[in-house]
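# Fold and geometry: a report
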Amino acid sequence: MMGVIQGIWHWLTTTLKLMTYNKAGFIGFLATCAILIICLIGPFFIPLDTKTKLDQIYQPPSAEHWFGTDHQGRDIFSQIVHGGKDVIYVAAIAAFLSTFIAVTFGTLAAFAGGKVDSGIMGVTDIILTIPQFPLLAVLAAFITFDNITYLGLFLGALSWPALLRAVRSQALSLKERDFVEAARALDLGTGHIVFRELVPNMMTYIVISFTLALTAAVYTQVGLVLLGLVPVSSSNWGVMISLAWTQGAIFFRDAMWRIMMPILAIALFQLSVITMTRSLELAFNPRLRTMV
Amino acid sequence: MAPIIEVRNLTKQFGKGKERVTAVDSVSFAIEPGETVCLVGESGCGKSTTGRMVAGLLEATSGEVLFEGKNIKQLDSAAFRRYRQTVQIIHQDPYSSLNPTQTISQILTAPLLRHNKVKNRVAAEARALEILEVVDLTPARDVIAKYPHQLSGGQRQRVAVARALTVDPKFIVADEAVSMVDVSIRVSILTMLARLKKEFDVTFLFITHDLALAKYFAWEGRITVMYLGRIVEDGPTQRLINDPRHPYTQALLSAVPEADPELAQHKRQIELRGAEIPSLLALPPGCTFHPRCPYFVPGRCDAAVPALEALDVGGRVACPVRRQERVSLLV
Amino acid sequence: MAKNKLDWQTGDANDGRAPLSLENVHVAYNTRRGKVRAIRGVTLDLHAGESLALIGESGSGKSTLGLAIVRLLPDTAETAPGVITYRRNGREVDVLQLKPGELREFRWSECAMVFQAALNAFNPVLKVWAQALDTAKAHGWHDKDAVRRRLVELLEFVQLDPKRVIDAYPHELSGGMRQRVLIALSLLLNPQILILDEPTTALDIITQRTIIKLLRELKEDQGFTMIFISHDLAIAAELADRVATMYAGRVVELGASDDIFYRPRHPYTLGLIRAVPTVTGGFEQLFSIPGSPPDLVDLPKGCKFHPRCAFATERCKQEEPELEEVGPGHTAACWHWHEVEAELRRNPLHRGALNLTDVIAVDVEVA
């Protein structure tokens, strides 16, 4: 038991230490953590302002209302705090699912070769050629995404092909390495070869692909919400933009804060995640890991 | 005694259509248990491809590999597993043959546990330590927790040997196993391999481009010389080194740079007619060495592929020009 | 093939002084792990017309020294203290102080480096002719026809068919041809000194032999001044007039080729020679040097070779020896070189004359 805790502790400290090697990446990592904390824990401390205050509509940022107020005089900051959770949740589900599919089937295709490979690549190419956004838009007309988990799964189920191709080509080059051949000579089995020899050497790649899938899922999701194709009821950065937009916020200057703040929140989140990948690249590099 | 490994008319082709090349062309040889055989040749001669087919890591296009007299393609699954473990390979590059994400302990215990060589993890660790001692990686306790990149090239190569030893092999294909190791350390690895030969009855197929190393490692054994996918000569090492019969073997031996200034000055050079090795995509007809051979006889050498013929001094040679004729041909 | 003397500006224009003198040269890199001390005080002269081989294992500093001479080290390298004096026609410069423009001039026109014949020594999208023209233009030589004539002459000299090679892309050439082209290109601007880094490594044996022959011709017929860098002792034996053995960033022994191979006085040189087999001759027991090359970040105290040395004493663990004279024109950095000499008397090397009898035997056999 102690050993396991020590192992986890060692893993965490090594990861953190490596992340600090790239300053921009580490700042991105800290910012991502901050946003996650605000969005996940913030709602418990900052109540959502739902009261209409007609005397306070469209106020610019001030000490009282950090991000200003909306068309009903409600505090935008509290809405931003409450609106991040769903966006991140949906994106995370989508990213997990697409990475999982890509890594599993990408390595399988590379390793099994032959008919399995051509089968998987065939399906991948078909899905890759389907324009995703219009498909989602059409599907949204038939399926009601009243459960955001479904939305996440749906996004994930459509966004894996590019990543799968990349994973496959990585695995193909790794497969030629002598240590994989040695594992074959030692008859260590396909499971061992995939999960012990190939995947650990692709970790950097997988982690970075995960973050990229995450950012992509944020955009797709916000896009769908903005077009009103997904009737998500709860407060959400996408819904905030959508509402502001449909209520004509882009046409008068006073409403600027209302539409800018959720856009900024999304941009800041994306920027943090993307910058963080620089550090992740270091943290999951097997060579660097073992050097610390 | 029956050969532990025998290959018959082993052929390997790569590519399709116009790009098709024959990397190994009808190679046949047999290796008895306890023998040391060196496969020597320049890059592209098919020596590594042959080694990988012998180790069952590459499927032959035609011909067969026999393990203890049985074709490996016809083995049942239990027998194939035994073949897989009995025949191991050691790669050239110690930087790519060990997984950088695993510790030496993980590298060595995985095969031990997988093949039930030990009861549990603790026993596996203990056995791994023993094997590290066998390959002279001492103190083993210091090495076992390390990652490959924390070791030198020579130490890594010893780990690669240790990994092969986990499954108690009887036949090891050593593919350029010391050519990437520092000069000062090479000999100690060869000495260690030679010890395995004695202590664990391991038979070696030692693949190298370095004739001096082949001579040293297989002094009591045999050398097989390959050129462009075919065996041109083989025979007991001492005979082959001191009395080479194939013009290619002679050219090779005379071309080897020597670490001895006087020898380097005085060594007799065989002048070849052409310096460039033909491409595998456009092999010359007949004996593939004929465009470079100083003893080329038109109509004979470029007509048919010469067969390997037994020599009274031991071994075989594939050259249609007799020794007696050669002197006159040179002038 | 072109055996005529090519138009080099050689000759003794330096009043008998060495064209290249290294004085207490140091190279270090700062890394996360600490300071990597790649070269620690190398002093040697390269005489006009001689060929000097730098031999040693990985990490000995031989390649770094070659790169330092042509200033191709990465920017992070520290080269102080140290002076590399280059002399030609009575002019004298410190290579380490050259400004970028002067440096470019120096690298091709004075001292050219030939790298291992890997593909990446070339620009993959340029034909041989274009590479030559680029180099010439970068040095202010714009007369296309003259460049072409020179290139053809050089390609003929390295025994390549200019028609076939001049319009070829690097990947269309074999390893041996690429090495020849590299040598030809390095001679384009008429340098005084040629530095060759592992000139035959990764080439096949017969190709190695042809390159060795070519380099011998450069040396003997054209009187070129050359430095060979190699881990392969055979290259030194085949080509060098003098040999410098390097270990852990220092020259530990320096002498005429015969001195180094038949009368080594440093235990490391002796160890290397005893570890390398020759193909000609009978069976010879070989010995490797125990241990591994040292970590350049964390060098041992005293003589850097002492942890691997059979002659090491307490003194070796404390004090690092300097090069001292052990024979005419032969220096070694070892406190116990007399004992190495005694050891060689007890267990002579099976080299030189002893081996030659075998050569003659083989000759008779072949003829």
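See the structure printed just above.
Presented here is an overview of the structure given in this document. Note that the structure is a prediction, hence the values are computed from the model and not measured.

## Things to note about the overall build of chain C
Tallying secondary structure elements over chain C gives 13 helices and 13 strands in all. Expected size for 367 residues packed as a compact globule is a radius of gyration near 21 Å; at 21 Å, chain C falls within 12% of this value. Projecting the C-alpha coordinates of chain C onto the three principal axes gives extents of approximately 65 × 55 × 40 Å. For chain C, buried positions account for 57% of its 367 residues. By element, 51% of the accessible surface of chain C is carried by carbon and sulfur atoms, the whole surface being about 15300 Å². If the 43 positive side-chain charges of chain C are averaged to one point and the 49 negative ones to another, these points end up 4 Å apart.

## Details of the packing of helix 3 (residues 76–112) of chain A against helix 11 (residues 256–283) of chain A
Between two packed helices, both the angle of their axes relative to each other and the distance between the axes serve to describe the pair. Residue and element names in this part refer to chain A. Their axes nearest at 11 Å, the elements helix 3 and helix 11 cross at an angle of 40°. Classified by the angle their axes make, helix 3 and helix 11 are oblique. As helix 3 runs across helix 11, the sense of the crossing is right-handed. Judged by residue contacts, I76, I80 and I88 of helix 3 engage W257, R258, M261, P262, A265 and F269 from helix 11. Partitioned by chemical class, the residues of the contact of helix 3 with helix 11 number eight nonpolar, no polar and one charged.

## A closer look at the interface of chain B and chain A
Listed by partner, the interface residues are 25 residues for chain B and 20 residues for chain A. Counting every contact that joins chain B to chain A gives one salt bridge. Summed over the shared surface of chain B and chain A, the result is 13 residue pairs in polar contact (both at pLDDT 80 or more). Of all elements in the fold, only helix 2 (77–86), strand 6 (87–90) and helix 3 (104–114) of chain B reach the threshold of two or more residues within the side of chain B that touches chain A. With three residues, helix 3 of chain B is the single largest residue contributor to the side of chain B that touches chain A. Tallied by class, residues from the side of chain B that touches chain A come to eight nonpolar, 11 polar and six charged.

## As for the packing of aromatic side chains
Tallied over the entire structure, the rule returns 16 aromatic pairs over all chains. Geometrically, the ring pair formed by B:Y227 and B:F289 is edge-to-face, given 5.2 Å between the ring centres and 90° between the ring planes. Highlighted residues: B:Y227 in strand 9 (residues 222–227) and B:F289 in the loop between helix 11 (261–266) and strand 11 (309–310), separated in sequence by 62 residues. The two residues B:Y227 and B:F289 agree in class, both being buried. Considering the side-chain rings of C:Y86 and C:F106, the 5.1 Å spacing of their centres and the 80° angle between planes classify their relative orientation as edge-to-face. With C:Y86 in strand 5 (residues 83–88) and C:F106 in helix 2 (residues 100–110), this pair connects stretches of sequence that are 20 residues apart. Above the face of the B:F217 ring, B:K197 is positioned so that its terminal group lies 4.6 Å from the ring centre.

## As for the sheet that holds strand 4 (residues 62–67) of chain B
All names here are of chain B. If you trace the four strands from one edge of the open sheet to the other, you get 2-1-4-5, paired in antiparallel fashion. One side of each edge strand has no neighbouring strand; the edge strands of this open sheet are strand 2 (21–31) and strand 5 (70–71). As defined by bridge partners, strand 1 (residues 5–14) adjoins strand 4 across five bridges and the pair is classed as antiparallel. Along strand 4, the bridge assignment pairs E6 with L66.

## Section: the pairing of strand 10 (residues 230–236) of chain B
Residue and element names in this part refer to chain B. Strand 10 sits mainly inside the fold: six of its seven residues count as buried. Here six bridges tie strand 9 to strand 10, and the two strands are oriented antiparallel to one another. What sits directly across from T224, in strand 10, is D234. Linking strand 9 back to strand 10 in an antiparallel pair, the connection comprises two residues, with L228 at a positive phi of about 45°.

## A few points about helix 4 (residues 121–134) of chain B
All names here are of chain B. Spanning 14 residues, helix 4 covers 20 Å between terminal C-alpha atoms, matching the ideal 20 Å at 1.5 Å per step. Those residues of helix 4 lying buried are A124, A128, L129, I131, L132 and V134. Those residues of helix 4 that are buried are in contact with helix 3, helix 5 (140–144), helix 6 (153–165) and helix 7 (183–199). Two or three places before V122, at the opening of helix 4, N120 has a side-chain oxygen 3.2 Å from that residue's backbone nitrogen. Where helix 4 ends, the next residue or the one after it, D136, has phi of about 65°, a positive value.

Here is what the cut-offs are and how they apply
Residues numbered from 1 in each chain as written. Chains lettered and ligands numbered in written order. Predicted model: local features only at pLDDT ≥ 70, side-chain atom pairs only at ≥ 80, totals over all residues. Heavy atoms only, no water. Helix = DSSP H or I, 4+ residues; strand = E, 2+ residues; numbered from the N terminus. Rg over C-alpha atoms; globule rule 2.2 N^0.38 Å. Buried < 20%, exposed > 50% of the residue type's maximum accessible area, 1.4 Å probe, protein only. Areas by Shrake-Rupley, 256 points an atom, 1.4 Å probe, with all protein chains shown as cover. Lys, Arg positive; Asp, Glu negative; His and termini not counted. Charge placed at Lys NZ, Arg CZ, Asp CG, Glu CD. Axes fitted to C-alpha atoms, helices over the stretch in contact; angles between N-to-C directions. Parallel < 35°, antiparallel > 145°, perpendicular 65-115°, else oblique. Left-handed = near helix turned anticlockwise from the far one by under 90°. Contact = heavy atoms within 4.5 Å. Nonpolar A, V, L, I, M, F, W, Y, C, P; charged D, E, K, R; others polar. Salt bridge = Lys/Arg side-chain N within 4 Å of Asp/Glu carboxyl O. Polar contact = N/O pair within 3.5 Å; in protein donor to acceptor, adjacent residues only side chain to side chain. Phe/Tyr/Trp six-rings, centres within 6.5 Å; stacked < 30°, edge-to-face > 60°. Lys NZ or Arg CZ within 6 Å of the ring centre and 35° of its normal. Pairing = 2+ DSSP bridges. Expected span 1.5 Å × (residues − 1).

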